[in-house]
Amino acid sequence: MAGAGCIGTWLGARLQAAGVDVTYLGRAATQARLAKGLTISGLGDPLSLAELKVVQQADGPFDWVIVACKRTDTEALLGAIAPALASQPTLIVAQNGLGAAERVAALSGCNAQPIMVPFNLVWRGQGQLHQGTGGQVMVPKALGAFAHAWGAQAVEDIQGVLAGKLLLNLNNAINGLCGLPLVEELSQRGYRQVLAGAQKEALKVFKAMGVKPAKLTGAPPALLPYVLALPDGAFSRLAKELLAMDSQARSSLYDDLAAGRATEIAFLNGYVVAQGEKLGVETPINRHLQALVREAERAGQCPGLGADALLP
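In this text the structure is predicted, and so the values were computed from the model without any measurement.

**Student:** Before we go on, may I ask you to explain the UniProt feature "domain: Ketopantoate reductase C-terminal" (unreviewed entry) in the protein chain in this structure?
**Tutor:** Following the UniProt record, the feature "domain: Ketopantoate reductase C-terminal" (unreviewed entry) maps to residues 157–296 here. With 66% helix and 0% strand, the stretch residues 157–296 has end C-alpha atoms that lie 35 Å from each other.

Rendered as structure tokens:
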């Protein structure tokens, strides 16, 4: 397990509970956090582990390595675990956006397989990991052996799944910039209209790329922007699945801004902008959101912006 943050710890813990020998790679702070075991709470199945094997250096050999760090930390992480890669393990890439597994494969020289983890996780204290939103992990058929431990669905078109998730993750920037809990943000039509506009741009980019995003919510991807733009009452009735989350859950991008860390905006809205530039598709809303997040990164804080400020 490389990069034992929230997602990596969740994935490793589920495997460990299923009887797999798991080693967690983390800094000293991670060792201290998990020194007395782990409890997972929230919307998923609860889990408690009395002991986890956490190390600061992993030399291997390993059969499988889960890469679950932020996209911005990928190169540094792979360099740190280079000895463990000498045996050519298969790398399971649990990162946001499209192209993550391809980049990991190019940097490591190993076979890399992407998975999609849809939910938000946060630390709630010493050894306490909380799942604030719902959804099902999805894996490619090649990783079907892991499906049971993760409660996952094995799919034929994992790229379509990743594109479908990226459509939803375009909200990460909006949530980080407004600072509201996700339920409160998504209950306000103004913020949803910003997200709808960003998704419409992304759908045009995906069409130009020849990528068909998978349906991950009650609405097909092509209709999702129109559902988001509905008046509040109609939206709340039709989109109960989207609003089924912890009342205080926020996006990981909000967590990064609040902690003064670099965000993954380049791999979310920034990916849409970059691909749009290559393909001649205009993406003004995603470009504006990316610029606002970069400004918030420089300021080292969540700016608490209203919906009107999020449109160019």
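**Student:** Would you take a moment to explain the sheet that holds strand 2 (residues 38–42) for this structure?
**Tutor:** Where strands meet in a sheet, backbone hydrogen bonds hold them as pairs that are either parallel or antiparallel. Sheet architecture is open: 4 strands sit in the order 3-2-9-8, paired in mixed fashion. Both outer strands of the open sheet, strand 3 (47–49) and strand 8 (121–123), are each paired with one neighbouring strand and no more. Averaged over all pairs of adjacent strands, the angle between their axes in this sheet comes to 20 degrees, without regard to strand direction. By the bridge criterion, 3 bridges tie strand 2 to strand 3 in an arrangement that is antiparallel. The residue of strand 3 that forms the bridge with L38 is L49.

**Student:** Honestly, the domain arrangement of the protein chain in this entry has me stumped. Any pointers?
**Tutor:** Many descriptions give the size of an interface as the accessible area lost when the pieces come together. According to the domain assignment, the protein chain contains domain 1 (6–155) and domain 2 (158–310). Computed from C-alpha coordinates alone, the two centres of domain 1 and domain 2 are separated by 24 Å. At the interface, 24 residues of domain 1 touch 25 residues of domain 2. Sorting the residues of domain 1 by area buried against domain 2 places K70, N96 and L98 first, and these three jointly supply 32% of that buried surface. Counting every contact that joins domain 1 to domain 2 gives 2 salt bridges. Remark: the boundary between domain 1 and domain 2 carries 9 residue pairs in polar contact (both at pLDDT 80 or more). By residue class, the composition of the side of domain 1 that touches domain 2 is 12 nonpolar, 8 polar and 4 charged.

Cut-off values and rules
Residues numbered from 1 in each chain as written. Predicted model: local features only at pLDDT ≥ 70, side-chain atom pairs only at ≥ 80, totals over all residues. Heavy atoms only, no water. UniProt positions renumbered as here; feature names shortened; annotations may be inferred. Helix = DSSP H or I, 4+ residues; strand = E, 2+ residues; numbered from the N terminus. Pairing = 2+ DSSP bridges. Axes fitted to C-alpha atoms, helices over the stretch in contact; angles between N-to-C directions. Domains from an automatic or database assignment. Contact = heavy atoms within 4.5 Å. Buried area = accessible area lost by both parts, 1.4 Å probe. Salt bridge = Lys/Arg side-chain N within 4 Å of Asp/Glu carboxyl O. Polar contact = N/O pair within 3.5 Å; in protein donor to acceptor, adjacent residues only side chain to side chain. Nonpolar A, V, L, I, M, F, W, Y, C, P; charged D, E, K, R; others polar.

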